[in-house]
Amino acid sequence: MYNAKAFSAASATSPLASTTIARRDPTDNDVQIEILFCGICHSDLHQVRNEWSGVMPTVYPCVPGHEIVGRVTSVGSAVTKLKVGDLAGVGCVVDSDGTCPECKAGFEQFCPNMILTYNFPDKHTGGVTYGGYSDSIVVDERFVLKVPSNLDLAGAAPLLCAGITTYSPMHHWGVTKGKKVGIVGLGGLGHMGLKFAHALGAHTVLFTTSANKVEDALRLGADEVVLSRNSDEMAKHAGSFDFILDAVSADHDINALLGLLRRDGNICLVGAPEKPFPVSAFNLIFGRRSLSGSPIGGLAETQEMLDFCGQHNITADVEVIAMQQVNEAYERLLKADVKYRFSIDMASLKSA
């Protein structure tokens, strides 16, 4: 074991503060990474404040962070994929059983025995896993991704969660040139959805309730912007979409969106509203439309996404902050006061 510097929450009401945590020494199959940037995901805030207590209660101290980019500083004797000095990424999952049907199919994100990057039982230490708000991390090489060297690292960090969360359903549902794709909501997920849909060659339409987001949406790759509260604008697009990515977590009218799908069209949820949707069966039956959901992707798909980002120079739009600003960033996140993700410069941890 060795000591690593980190920022953690001691309770649901405590601010994040500097601390020291124990990390395992690298085993034969491990990669040790100096963390250079870590993105802030909304789930970090939920976990730190124990807002998911009914599903996954938070164990304190909690070190969040699953959008990790860094440089490899050490590799175990059996590691073949990476070497010291390589740029590497770690996302939401750091282990799985490797033997279940999901793992064998490349869907580690659905493994019943997966281990999340933080606040999950750590089979090596006997405690819980600690995330990326830290100066270093040790991860099995199977769960370490190669980060293209041409990408801005601050903007690359959110690709490990926001990026793969939006890329995976587009990949699964066949978004390509010639398709008409809608993105609902322009936030941390929605802005990545716009970039991917545009790069994949689809005719891309953003749906938003905010007129002040039109200009930004066009900059990020939208071909059109529809103000979803305008019934005339919505009616123009009825029955025309192949795929809609719904990235909104607030309560909204899913039936209005279902009516925009063409035959065999699909809406995929990546936002998670608190209240269940009232869905009209006829909106699905007429047109053989479908409503689905999607989390992150598997390891192979995540690497594919990173390589795609390298080829198209795609990163998240980020506001880079120091570790000492993380509590302020959480408060701003609650107000959606960020364009469009926070990325922590982990060099600042040295003086925290």
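Summary of the structure given here. (Residues numbered from 1 in each chain as written. Predicted model: local features only at pLDDT ≥ 70, side-chain atom pairs only at ≥ 80, totals over all residues. Heavy atoms only, no water.)

**A few points about the pattern of salt bridges**
All told, the structure shown has 16 salt bridges when counted by the stated rule. Asp216 serves as the salt-bridge partner of Arg219, at 2.8 Å between the closest nitrogen and oxygen. One end of the pair, Arg219, and the other, Asp216, are both in helix α6 (residues 214-220), three residues apart, so they sit about a helical turn from each other. Of the residues examined, Asp216 reaches a relative accessible area of 14% and is grouped as buried. A salt bridge links Arg219 to Asp317; the nearest nitrogen and oxygen atoms lie 3.0 Å apart. With Arg219 in helix α6 and Asp317 in the loop between α10 (299-312) and β16 (318-322), this pair connects stretches of sequence that are 98 residues apart. When salt bridges that share partners are traced, they join Lys195, Asp216, Arg219, Asp317 and Lys339 into one network. (Salt bridge = Lys/Arg side-chain N within 4 Å of Asp/Glu carboxyl O. Helix = DSSP H or I, 4+ residues; strand = E, 2+ residues; numbered from the N terminus. Buried < 20%, exposed > 50% of the residue type's maximum accessible area, 1.4 Å probe, protein only.)

**Quick look at unusual backbone geometry**
That bond from Tyr60 to Pro61 is cis: its omega, 0 degrees, falls within 30 degrees of zero. Secondary-structure assignment places Pro61 in the loop between α1 (42-48) and β4 (68-75). The omega angle of the peptide bond from Lys339 to Tyr340 is -10 degrees, so this bond is cis rather than trans. On the secondary structure map, Tyr340 appears in the loop between α11 (326-334) and β17 (341-345). Even without being glycine, Asn119 reaches a positive phi, approximately 65 degrees. Within the element layout of this structure, Asn119 appears in the loop between β7 (115-116) and β8 (136-140). Using a relative accessible area of 8% as the deciding quantity, one classes Asn119 as buried. Phi at Asp264 takes a positive value of approximately 65 degrees, unusual for a residue other than glycine. Relative to the helices and strands, Asp264 resides in strand β14 (residues 261-269).

**Concerning the side chain of Ser343**
Within the element layout of this structure, Ser343 appears in strand β17. Looking at Ser343, the relative accessible area reads 0%, which means it is buried. Separated by 2.9 Å, the side chain of Ser343 and the backbone oxygen of Ala154 make a polar contact. Once residues within four sequence positions are removed from consideration, Ser343 is found in contact with Phe37, Cys38, Gly39, Ala154, Ala157, Val318, Glu319, Val320 and Ile321. (Polar contact = N/O pair within 3.5 Å; in protein donor to acceptor, adjacent residues only side chain to side chain. Contact = heavy atoms within 4.5 Å.)

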